[in-house]
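Examination of the molecular architecture
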Amino acid sequence: LLWLLVLSLAWLGPAWGDSEGLEGKDDDGEVVAEEEEDEDDDVISDELVEEDSVLVLHEHNFARALSEFSLLLVEFYAPWCGHCQRLAPEFAQAAARLRNGSEAVRLGKVDATAQTALSNEFGIHAYPTLKLFRDGNRTHPLAYSGRMDAEGIVRWMQRRAGPSTTLLQDTDTAAAFINAQDIVVVGFFKDLQGEAAQAFYEAAGEVVDVAFGVTKADELFEAYGLSVDTVCLFKKVSRAGEGGGSMVGTPGAHWPASWQFDEGRTDFPVDPAQGLNAAELTRLLRVHSLELVMEFSNEVRPPSLPVPSTSRRVPQPSPSSRSPQTSSRIFGANIPHHMLLFLNKTVEEQLALRDDFRKAASNFRGKVLFVVVDVDGYGATVLSFFGLTPADAPTLRFIKMENNRKYQMAEDAFSATAVRDFVQAVLDGKVKPHLLSQTPPEDWDTRPVKVLVGKTFEQVAFDETKNVFVKFYAPWCSHCKEMAAAWEELGERYKDHEDIVIAEMDATANELENLTIRGYPTLHYFPAGPGRKMIEYRSTRDVETFSKFLENGGTLPEEPPVVTKTPENSTGTEEPSPSGTAEARDEL
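Residues numbered from 1 in each chain as written. Predicted model: local features only at pLDDT ≥ 70, side-chain atom pairs only at ≥ 80, totals over all residues. Heavy atoms only, no water.

Next up on the list: the overall build of the protein chain. The helix and strand tally for the protein chain stands at 17 helices and 24 strands. Of all intrachain contacts in the protein chain linking residues separated by at least 6 positions in sequence, the fraction that spans at least 24 positions is 71%. Working note: accessible area of the protein chain is about 31,800 Å², and carbon and sulfur atoms make up 50% of it. (Helix = DSSP H or I, 4+ residues; strand = E, 2+ residues; numbered from the N terminus. Contact = heavy atoms within 4.5 Å. Areas by Shrake-Rupley, 256 points an atom, 1.4 Å probe, with all protein chains shown as cover.)

Right under this line is the structure:
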């Protein structure tokens with residue numbers, strides 16, 4: 001048997017040698033051949049492939065897509081991003097509608113975590129990021145500024161694909177155009193190619209939910225009582241005592257009373273010296289296209305709530321007759337402050353509070369947006385954000401949108417004068433924010449990971465004898481859930497250290513006066529000693545890296561750089577770490 005084995009090896013040897021000669025002189029010639037074949041298979045072509053009508057783009061086919069489609073809206077996403085996952089069906093629906101409407105307008109997507117070259121080229125730092133590429137130009141893409149739903153995306157793209165305005169040449173066409181819409185903007189310009197008109201066209205591309213017309217006809221200037229270049233916003237209004245509404249500036253046009261606005265027409269004359277600023281005009285049109293008092297609604301409506309037996313119930317319209325969602329208009333107006341009236345619309349006594357609320361609102365248009373929130377309807381979905389329950393209605397809250405600071409009256413007073421005075425006091429900085437705080441659990445300081453709330457944060461985080469590492473999280477955040485096990489293990493590792501505390505705080509239910517949490521999870525390190533120092537942790541989220549950070553006093557030890565040979569045809573630039581390594585230091 002031994003001799004038979006020797007003879008077999010002697011016979012197979014030349015065959016292996018021939019194989020090496022055919023595939024390349026290498027000790028592992030056969031493996032090399034397979035690797036070379038795999039490399040050939042991995043070469044990605046510039047073929048354009050679709051998923052649900054959305055082009056799947058990468059660095060090899062991106063240029064081809066730009067050359068084939070004059071308008072290409074690209075979503076840069078991360079597979080794990082919850083916002084991206086929620087946008088995906090809306091984006092696909094919009095892609096299908098646009099694809100059927102025009103061959104020149106398409107939607108595409110790029111996995112920014114895998115296509116790092118494209119991500120770096122276009123400066124992608126958040127997900128999802130949408131950019132519009134026009135006529136193959138990849139150096140100056142336009143940032144998407146529309147609503148993040150199918151209808152908003154379609155309207156935004158259609159406005160850019162076709163003429164943004166309708167040319168109005170006489171009074172009949174102008175009246176028909178204005179009367180056909182709920183809200184209409186018409187630009188009156190002596191020169192339709194001048195700078196003011198160009199700014200108007202730019203604004204028309206941004207305010208996609210409103211129809212825009214433009215004219216230079218003298219008879220229209222005269223018909224609408226204008227002598228200088230002016231932008232006019234027309235809105236349908238209801239008339240007291242009439243069976244319907246009318247469009248101011250269009251005599252004799254009557255409309256259903258359900259269309260409720262505060263002014264029928266608002267004029268924005270062009271300043272002869274300063275001209276027309278597109279961004280400011282866009283802001284003004286968005287502000288004035290809103291009702292003086294908005295009612296909050298979104299896509300989700302919870303079940304109705306029981307009404308107290310002592311209250312009179314007001315019949316409510318069927319869901320099909322309710323107004324469409326207003327949340328995108330409320331937040332899209334970019335008004336910096338909101339004043340909210342929480343009430344139960346099924347209770348007649350509470351419904352009556354809207355009258356004084358509206359009277360107070362007229363003093364603050366453009367500065368403060370007044371919003372009615374129905375706790376028995378769509379508004380129930382936002383109550384927890386304000387630390388409220390349906391039983392708290394009626395009540396008032398003021399919120400600053402830049403930092404989510406909330407303000408509460410010492411005692412709710414609903415007269416127009418009281419509301420007006422409270423709003424002005426907040427704007428003048430005379431009212432302190434109302435900070436949410438949970439009640440600390442009884443065993444909050446006996447666990448390996450200490451449970452902090454708003455009331456206990458200061459005494460723990462700024463204990464001068466302790467180094468405190470805090471995780472600020474949201475219960476619904478998927479990234480927080482993924483990190484939870486590592487944070488618990490870290491707590492176990494340091495539970496017996498006298499000077500190190502591992503803690504966490506639900507930042508959705510607890511607020512701090514001098515620290516605003518803008519993303520989840522956020523990690524902050526509060527070193528021992530005087531000075532109220534804070535260091536934000538921005539590196540890899542695993543136990544070993546956390547430990548290095550703690551053992552090194554709130555910084556990560558520098559590691560020697562890895563010297564590698566620069567490949568040919570390389571720019572020599574390094575790819576930034578997705579997690580980053582910088583720590584930001586702030587004084588609180």
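Now that the structure has been shown, the text picks up again.
Moving on: the sheet that holds strand 4 (residues 105-111). Taken in spatial order, the six strands line up as 1-2-4-3-5-6 in an open sheet, and their pairing is mixed. This sheet does not close on itself; its edge strands, each paired only once, are strand 1 (49-51) and strand 6 (142-143). As paired elements, strand 5 (residues 129-134) and strand 6 share two bridges and run antiparallel to each other. Considered in strand 6, the bridge of lysine 131 is made with alanine 143. Of the strands in this sheet, strand 1, strand 2 (54-56), strand 3 (71-77), strand 4 and strand 5 touch helix 4 (residues 82-101), which is tilted by about 155° from strand 4. Across the sheet, helix 6 (residues 150-161) lies against strand 3, strand 4, strand 5 and strand 6, angled at about 145° from strand 3, the strand it touches most. (Pairing = 2+ DSSP bridges. Axes fitted to C-alpha atoms, helices over the stretch in contact; angles between N-to-C directions.)

Next up on the list: the packing of helix 16 (residues 478-494) against helix 17 (residues 543-551). Two numbers describe how helix 16 lies on helix 17: the axes approach to 9 Å, and their chain directions differ by 45°. Relative to helix 17, the element helix 16 lies oblique. In the crossing of helix 16 with helix 17, the sense of the turn from one axis to the other is right-handed. Contacts between helix 16 and helix 17 involve Met483, Ala486, Trp487, Glu489, Leu490, Arg493 and Tyr494 on the former and, on the latter, Val543, Glu544, Phe546, Ser547, Leu550 and Glu551. Of the residues assigned to the contact of helix 16 with helix 17, the class counts are eight nonpolar, one polar and four charged. (Parallel < 35°, antiparallel > 145°, perpendicular 65-115°, else oblique. Left-handed = near helix turned anticlockwise from the far one by under 90°. Nonpolar A, V, L, I, M, F, W, Y, C, P; charged D, E, K, R; others polar.)

To continue, consider the environment of phenylalanine 342. Along the polypeptide, phenylalanine 342 turns up in strand 15 (residues 337-343). C-alpha of phenylalanine 342 to C-alpha of leucine 396: the two residues are 54 residues apart in sequence and 6.2 Å apart in space. What phenylalanine 342 contacts, discounting residues up to four positions off in sequence, is Val373, Val375, Leu383, Phe386, Leu388, Ala393, Pro394, Thr395 and Arg397.

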